[in-house]
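# What the coordinates show
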Amino acid sequence: MSRSKYINSIFFILIAAAVSFTSCTEMAVFEKNTVIPKMQWHSNFNAKGTVNISDTGSQYNIYIIIRHNDAYAYNNIWLNVGLQPPGDSMQYQKINITLGSDATGWEGTGMNDIWEVRKLIFRLPKRFIRQGQYNFSIQQIMRDEPLRGVMSAGIRLQKAG
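Below is a short write-up of the structure. (Residues numbered from 1 in each chain as written. Predicted model: local features only at pLDDT ≥ 70, side-chain atom pairs only at ≥ 80, totals over all residues. Heavy atoms only, no water.)

This part covers the nonpolar core. With 28 residues, the main nonpolar core has Trp41, Ile64, Ile66, Ile77, Leu79, Val150 and Leu157 as its most contacted residues. Breaking this core down by element, the ones donating at least two residues are strand S3 (47-53), strand S4 (59-69), strand S5 (76-84), strand S6 (91-98), strand S12 (132-140) and strand S14 (150-159). (Core = buried A, V, L, I, M, F, W, Y, C linked by side-chain atoms within 4.5 Å. Buried < 20%, exposed > 50% of the residue type's maximum accessible area, 1.4 Å probe, protein only. Helix = DSSP H or I, 4+ residues; strand = E, 2+ residues; numbered from the N terminus.)

Laid out in structure tokens, this is it:
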């Protein structure tokens, strides 16, 4: 067998193995981001979404995701984050997310002038007690109206450990 055919065979086997391994596993991550219209986040605009929880035995890390540009004027953002379990009312929590500092610059990952920050809401993973659809809502509660420079806001659930 020639060297190029051997390399192509190995490549094909690796691709087939990767597809078979990934197709048999359940996704352990949910992420939903909402685009902020014209990068002007009005206080009455909520980033919203729904996640279906079927595995109540697992614990989840819950992250807030903020994507902003260099024109964002602050090192932090105050949010009112709501979570509504199935058959219950929305429960809100005020959260201060650090986006950067004057000494070290922006946190997170960046490309050109766009930055994405993922921050855990809770120090320890949480378990969802009931199966079903959970609604979430993220509202900015800064003093600026509108708050400029935020491109999107969202939530990420990731199975812990």
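The linkage connecting Glu145 with the following residue, Pro146, adopts the cis geometry, with an omega of 0°. If you trace the backbone, Pro146 turns up in the loop between S12 and strand S13 (147-148). Positive phi values are uncommon outside glycine, yet Lys38 reaches one of about 55°. A positive phi angle, near 60°, is found at Asn112, a position not held by glycine. Relative to the assigned elements, Asn112 resides in the loop between strand S9 (109-111) and strand S10 (114-120). For Asn112, a relative accessible area of 73% corresponds to the exposed category.

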